[in-house]
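# Notes for the structure review
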Amino acid sequence: MTLESKLRALIAGMRYAADKCDEYATEAQSGDTRNIERARARTMRADAAALEAVLNGHNEHNEARDAR
C-alpha cells in the first residue's frame, strides 16, 4: 500500500467519521452535545478537504515534473 493510498484511506475515514458525528448530533438530547458534534463534523470535513487539496496539488506537481 503506497503512501498516497494510505492518505486517501485516511481522508475517506475522516469523512465517514464526520458523517457519524452528524448522525450522533441528530440523535443527541442536549443542545450543547448537538452543537459540539456538528462542530466536530465540520472540522473533520475541512481537515479532510485540506489534506485532499495538498495531496492533489502534490500529484499535479509530480505529473508536471514528470512531463518535462
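Just above, that's the structure.
In this report, we go over the structure that sits alongside the text. Each chain has its residues counted from 1, following the order in which its sequence is written. Confidence filtering applies because this is a predicted model: local features only for residues at pLDDT of at least 70, side-chain atom pairs given and counted only at 80 or more, and all residues used for totals across whole chains, interfaces and linings. Side-chain figures throughout are based on the complete set of non-hydrogen atoms in the structure, without hydrogens or water.

### Examining the overall build of the chain
Each helix and strand in the chain was counted, giving two helices and zero strands. A simple rule labels every residue: compare its accessible area, found with a 1.4 Å probe on the protein chains alone, to the largest value its type can have, and call it buried under 20%, exposed over 50%, or partly exposed in between. Within the chain, the proportion of its 68 residues that are buried is 19%. Residue contacts are defined here by distance: any two heavy atoms, one from each residue, within 4.5 Å place the two residues in contact. In the chain, once contacts between residues fewer than 6 apart in sequence are set aside, the share between residues at least 24 apart is 62%. Total accessible area on the chain is roughly 5000 Å²; 55% of this is exposed by carbon and sulfur atoms. Runs of H or I in DSSP of at least four residues are treated as helices and runs of E of at least two as strands, each being numbered from the N terminus. Residue-level accessible areas treat just the shown protein chains as cover; the underlying method is Shrake-Rupley with a 1.4 Å probe.

### Re the side chain of E37
Along the polypeptide, E37 turns up in helix α2 (residues 31-67). Not counting chain neighbours up to four residues away, the residues in contact with E37 comprise C21, Y24 and A25.

### Things to note about the pattern of salt bridges
For salt bridges, the criterion is a side-chain nitrogen of Lys or Arg within 4 Å of an Asp or Glu carboxyl oxygen. On inspection of all chains with the given rule, the structure shows seven salt bridges. One salt bridge in this structure joins R8 and E52, with 3.9 Å as the shortest N-O distance. Here E52 lies in helix α2 and R8 lies in helix α1 (residues 3-27), a separation of 44 residues in the sequence. For E37, the salt bridge goes to R40, with nearest N and O atoms at 2.8 Å. Within this pair, E37 and its partner R40 are both found in helix α2, separated by three residues, close to a single helical turn. Residue class for R40 comes out partly exposed when judged on its relative accessible area of 40%. Members of the salt-bridge network, linked through shared partners, are E4, R8, R15 and E52.

### A closer look at the environment of K20
Following the sequence through the fold, K20 ends up in helix α1. By relative accessible area, K20 is classed as partly exposed at 37%. Remark: the alpha-carbon pair of K20 and E37, spanning 17 residues in sequence, is separated by 9.1 Å.

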